[in-house]
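Each chain, letter by letter, is given below.
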Amino acid sequence: MRARLIPLVLLVAALVAPSSSATAADREDWRGDRQAKPSAYAWLNDYTPSDTYTVALVRGLRPKAVLRTLGGVRRDLDGRTPQEAEEYVFDHMSDDYEGPPVVQVERHGKATVVYLPYNFVPDRLLARLSRRGVVTAFSTTVEQDTYLTVAKKGRIIRRFDAGFRPPRKGALRQEKGLDWGKRDQNIWATAWAFNERVGRTHVSQEWFQGDHPTYVLRKDLY
């Protein structure tokens, strides 16, 4: 009887345990596509994840170094979703509609993903964040000002409006083949696809909308 049970137990374990290939796929889901298309980010639009935010991929610095570069942490808010981080900004907004400098910072593969609800990172800080590698950042506002900025080795090398065809002078190879300025363009999806190409990191909807370490910075970024 015992001899018959052993194969059954092994069969059940095989069915329940995740396969090595599935586990590997989970570990590698951050890997970016050098030819990423806007269709990979079709879940984005002018109000998702927010109507005003900055998202950046930082290659070369880990989360602690990113937070130091942004001025340091005043308060640790633990793990929160992007929506909850934004709600914190609104709940603590002053009478003149100034919210606290809230940022989400987390390692994702070989990059550090930085998300700021209702806030922006000035070029001088983006340049500093790139001092050991590359930073690609997308900012959007409720007025649909949609800008992409790329910094490398401590200096800004590219900046343009994601809703229009980029200027030819200084163009990066990652811009080629994207639907800049087309009538049916999803600006936000195009911008995130460009970020993936430059930052070599894919940010899935499932990963992004999960909980991430969230902080209030010591001071405003501007």
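Residues numbered from 1 in each chain as written. Predicted model: local features only at pLDDT ≥ 70, side-chain atom pairs only at ≥ 80, totals over all residues. Heavy atoms only, no water.

Colleague: I tried to follow a negative patch on the surface on my own but got confused; where do I start?
Modeller: Together, Glu-84, Glu-87, Asp-91 and Asp-211 make up a negatively charged patch on the protein surface. If you trace the backbone, Glu-87 turns up in helix α4 (residues 82–91). Judged by its relative accessible area of 37%, Glu-87 falls in the partly exposed class. (Patch = residues over 30% accessible without salt bridge, like charges linked within 9 Å, V, L, I, M, F, W, Y side chains within 5 Å. Areas by Shrake-Rupley, 256 points an atom, 1.4 Å probe, with all protein chains shown as cover. Salt bridge = Lys/Arg side-chain N within 4 Å of Asp/Glu carboxyl O. Lys, Arg positive; Asp, Glu negative; His and termini not counted. Charge placed at Lys NZ, Arg CZ, Asp CG, Glu CD. Helix = DSSP H or I, 4+ residues; strand = E, 2+ residues; numbered from the N terminus. Buried < 20%, exposed > 50% of the residue type's maximum accessible area, 1.4 Å probe, protein only.)

Colleague: How do you make sense of the nonpolar core when you look at a structure like this?
Modeller: General note: in soluble globular proteins, nonpolar side chains tend to be found buried as a group. Of all hydrophobic cores here, the largest spans 28 residues; its most connected members are Tyr-41, Phe-138, Leu-148, Trp-192, Phe-194 and Val-203. The set of elements that each furnish at least two residues to this core consists of β1 (53–59), β4 (111–117), β6 (146–152), α6 (187–199) and α7 (205–208). Counting residues per element, this core draws most heavily on α6, at 8 residues. (Core = buried A, V, L, I, M, F, W, Y, C linked by side-chain atoms within 4.5 Å.)

Colleague: Sorry if this is basic, but what is going on with unusual backbone geometry here?
Modeller: Keep in mind that most residues, glycine aside, have a negative phi and that most peptide bonds are trans. In this model, Thr-48 is joined to Pro-49 through a cis peptide bond whose omega is 5°. Locating Pro-49 in the fold gives a position in the loop between α2 (20–28) and β1. Backbone geometry places Lys-153, a non-glycine residue, at a positive phi of 50°. Assignment of secondary structure puts Lys-153 in the loop between β6 and β7 (155–161).

Colleague: Sorry, what's going on with the sheet that holds strand β5 (residues 134–140) here?
Modeller: Strand pairing in a sheet takes place through backbone hydrogen bonds and is either antiparallel or parallel in direction. Spatially, β2-β8-β3-β4-β1-β5-β6-β7 is the arrangement adopted by the 8 strands of the open sheet, whose pairing is antiparallel. Either end of the sheet is taken by a strand with one partner, and the two such strands are β2 (73–80) and β7. The average angle at which neighbouring strand axes cross in this sheet is 20°, direction not considered. Of the strand pairs in this sheet, β1 and β4 are connected by 6 bridges, and their pairing is antiparallel. Counted as the bridge partner of Val-58 is Thr-112 from β4. Of the strands in this sheet, β2, β3 (102–108), β4 and β8 (212–217) are in contact with α4, which crosses β2 at around 140°. Strands in contact with α6 are β1, β5, β6 and β7; relative to β5, the strand with the most contacts, it is inclined by about 170°. (Pairing = 2+ DSSP bridges. Axes fitted to C-alpha atoms, helices over the stretch in contact; angles between N-to-C directions. Contact = heavy atoms within 4.5 Å.)

Colleague: Teacher, can you tell me more about the packing of aromatic side chains here?
Modeller: For any two aromatic rings, the description comes down to two numbers: the centre-to-centre distance and the angle of the planes. Within this structure, the stated rule accounts for 12 aromatic pairs. The interplanar angle of 80° and the centroid separation of 5.6 Å between the aromatic rings of Trp-43 and Trp-192 together place this pair among those described as edge-to-face. Here Trp-43 is found in the loop between α2 and β1, whereas its partner Trp-192 is found in helix α6, with 149 residues between them in sequence. The residues Trp-43 and Trp-192 share a single accessibility class, namely buried. By the ring-pair criterion, three or more aromatic residues cluster together here, those being Tyr-41, Trp-43, Tyr-53, Tyr-115, Phe-138, Trp-192 and Phe-208. A cation over a ring is seen here: Arg-159 above Tyr-147, with NZ or CZ 4.7 Å from the ring centre. (Phe/Tyr/Trp six-rings, centres within 6.5 Å; stacked < 30°, edge-to-face > 60°. Lys NZ or Arg CZ within 6 Å of the ring centre and 35° of its normal.)

Colleague: Any chance you could explain α4 here in plain terms?
Modeller: For an α-helix the count is 3.6 residues per turn, leaving residues at separations of three or four pointing the same way. Within the span of α4, buried status applies to Pro-82, Ala-85, Glu-86, Tyr-88 and Val-89. Along α4, the residues classed as buried sweep out an arc of 150° about the axis, all on the same side. Away from its buried face by more than 90 degrees, α4 exposes Gln-83 and Asp-91. For α4, the elements touching its buried residues are β2, β3, β4, α7 and β8. (Arc of directions from axis to C-beta.)

All quantities given are derived from atomic positions and should not be read as evidence of function.
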